[in-house]
Amino acid sequence: MGVVPVMDLLQLLKSQFLCHLIICYVFLASGLIINLLQLCTLPLWLVNKQLARRINCRLAYSISSQMVAVLEWWSGTECTLYTDPKSHLLYGNENAIVILNHNFEIDFLCGWTFCERFGVLGSSKVLAKKELAYVPVIGWMWYFLEIVFCKRKWEEDRKTVAQSLQNLRDYPENFWFLLHCEGTRFTAQKHQISMQVAESKGLPKLKYHLLPRTKGFWVTVQNLRGAAAAIYDSTLNFRNNECPTLLGVLSGKKYHADLYVRRIPLESVPEDEAECAAWLHKLYQEKDSFQEHYAQSGCFPGPTVSSQRRPWALINWLCWSALLCYPLGLLLAHLVSSGSLLTILASMALCSAASVGVRWMIGQTEIEKSSSYGNKASLS
């Protein structure tokens, strides 16, 4: 009888905005500290590039694992992994290109969790918008991780993306390159436009995905041949038709994700650009059939394997929380004891500005605020 009220009280605590504010404070403050440490590694790049890369992998892990800890330990979200047991033994022990669907507000976070469970979160790579390189914490972290940035203008991107990918061929850590081939998050409007393009090109229509952008995929595969061993085709869904949000995760809402992963040897992907494009379109037709299977049966085809949470993300998060909340508590106590109206008003104004900033950051993950990329027809 006493357990239920305690759980209810804990859930009530998790839903309070003050808790969200503290979580975001720890993330931002620790992130800026780590960005500064990353900046200090610049001279090391000239002396020992591989050591600088290894250090930046650990520093990046200290940032990104905090968000994974919020999902896995604060929210309690669970993930069931559907995959071949033989392939499962290779995850984390080889370089790979991970193809993800882009339907949910937190699918990027689930991708990071997938990386964390197999020990490659600190070294994982993505193809990101160039503008993100200038964003503190995440963007600056990605810059030192040699993330591949693009402008979404193919003629300008082709050479820079290829060069960035070539730079990863001698990377000293196993890495996964996470790729959203659809180029943007799924919305009804974007899907309608994408299917108009499919009809004009004579391609089979997709029900649960947008048409993949084939040029970026081909360039990625061509430049990582011999460095990456496989493609991990990953399809994500959530039970009970839930559409999880970052705000829901921060509020401690528990979700249950199902992730279906197929390992495909990279050598099976055609080298010719046109054949590679046809191969990718066929892959997305298969991904659509997996989602249809899930919609009808509530599960993906094939066996499930155990994929346990690791404690390191939680330990890192707790250490940063203890380190940063202690001086914050001392400062607040000093402000209250000082009795200065001006100081208290200034502190309240700072907290209000911080809360607005937190709400803005959360809002950027919302589907209705996703980029306009894909809202007009394109044959690229």
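Every value quoted in this text rests on a predicted model; they were computed, and no experiment measured them.

**Things to note about the packing of aromatic side chains**
Point 1. Applying the stated rule across the entire model yields 18 aromatic pairs.
Point 2. On the numbers, 5.9 Å between centres and 80° between planes, the contact of Y171 with F175 is edge-to-face.
Point 3. Residue Y171 is classed as buried on the basis of its relative accessible area, which comes to 8%.
Point 4. Since its relative accessible area comes to 0%, F175 is described here as buried.
Point 5. Ring centres 4.7 Å apart and planes at 80° place the aromatic pair Y260 and F290 in the edge-to-face group. One end of the pair, Y260, is in strand β7 (residues 256–265); the other, F290, is in helix α12 (residues 273–297), with 30 residues separating them in the sequence.

**Here we look at the packing of helix α8 (residues 154–166) against helix α10 (residues 214–224)**
Point 1. Put simply, α8 and α10 touch, their axes get as near as 9 Å, and they point 25° apart. For the element pair α8 / α10, the angle class is roughly parallel. Classified by chirality, the crossing of α10 by α8 is right-handed. Taken together, the residues of α10 that come into contact with α8 (itself represented by W154, R158, V161, A162, L165 and Q166) are K215, G216, W218, V219, T220, N223 and L224.
Point 2. Of the residues that constitute the contact of α8 with α10, the class distribution is seven nonpolar, four polar and two charged.

**Description of the side chain of T235**
Point 1. With respect to the helices and strands, the residue T235 is situated in strand β6 (residues 230–238).
Point 2. Looking at T235, its side chain comes within polar contact range of the side chain of K287, at 3.1 Å.
Point 3. What T235 contacts, discounting residues up to four positions off in sequence, is N101, D258, L259, Y260, K287, F290, Q291 and F300.

**A short note on the pattern of salt bridges**
Point 1. Tallied over the entire structure, the rule returns 16 salt bridges.
Point 2. Residue R54 is joined to E173 by a salt bridge in which the shortest nitrogen-to-oxygen separation is 3.0 Å. Here R54, found in helix α4 (residues 49–74), pairs with E173, found in the loop between α8 and β5 (176–179); they are 119 residues apart in sequence, far enough to count as distant.
Point 3. Taking relative accessible area as the criterion, E173 reaches 16% and is therefore assigned buried.
Point 4. We note a salt bridge from E242 to K253, for which the minimum N-O separation is 3.6 Å. Taken together, the residues span a long stretch of sequence, with E242 in the loop between β6 and α11 (246–250) and K253 in the loop between α11 and β7 at a distance of 11 residues.
Point 5. Members of the salt-bridge network, linked through shared partners, are D233, R262, K282, E286 and K287.

**Considerations on the pairing of strand β3 (residues 125–129)**
The side chains of a regular strand alternate, first on one face of the sheet and then on the other.
Point 1. In this structure, β3 lies alongside β5, joined through two bridges in parallel fashion. Paired with K125 across the two strands is F177, which belongs to β5.
Point 2. Considered for its hand, the β-α-β crossover made up of β3, helix α7 (residues 138–144) and strand β4 (residues 148–150) is right-handed.

**Remarks on the sheet that holds β4**
Point 1. Ordered in space as β4-β3-β5-β2-β6-β7-β1-β8, the eight strands form an open sheet in which the pairing is mixed. With one partner strand each, in any of the chains shown, β4 and β8 (304–305) form the two edges of the open sheet.
Point 2. Bridge analysis of strand β2 (residues 96–100) against β6 gives five bridges, and the strand direction is parallel. Bridging from a neighbouring strand, L100 pairs with S234 of β6.
Point 3. With respect to the sheet, helix α6 (residues 107–117) is in contact with β1 (78–82), β2, β5, β6 and β7, its orientation differing from that of β5 by roughly 165°.
Point 4. Packing against the sheet, α8 makes contact with β3, β4 and β5, and its axis sits at approximately 175° to β4.

Rules and cut-offs
- Residues numbered from 1 in each chain as written.
- Predicted model: local features only at pLDDT ≥ 70, side-chain atom pairs only at ≥ 80, totals over all residues.
- Heavy atoms only, no water.
- Phe/Tyr/Trp six-rings, centres within 6.5 Å; stacked < 30°, edge-to-face > 60°.
- Buried < 20%, exposed > 50% of the residue type's maximum accessible area, 1.4 Å probe, protein only.
- Helix = DSSP H or I, 4+ residues; strand = E, 2+ residues; numbered from the N terminus.
- Axes fitted to C-alpha atoms, helices over the stretch in contact; angles between N-to-C directions.
- Parallel < 35°, antiparallel > 145°, perpendicular 65-115°, else oblique.
- Left-handed = near helix turned anticlockwise from the far one by under 90°.
- Contact = heavy atoms within 4.5 Å.
- Nonpolar A, V, L, I, M, F, W, Y, C, P; charged D, E, K, R; others polar.
- Polar contact = N/O pair within 3.5 Å; in protein donor to acceptor, adjacent residues only side chain to side chain.
- Salt bridge = Lys/Arg side-chain N within 4 Å of Asp/Glu carboxyl O.
- Pairing = 2+ DSSP bridges.
- Right-handed = clockwise from strand over helix to strand, strands pointing away.

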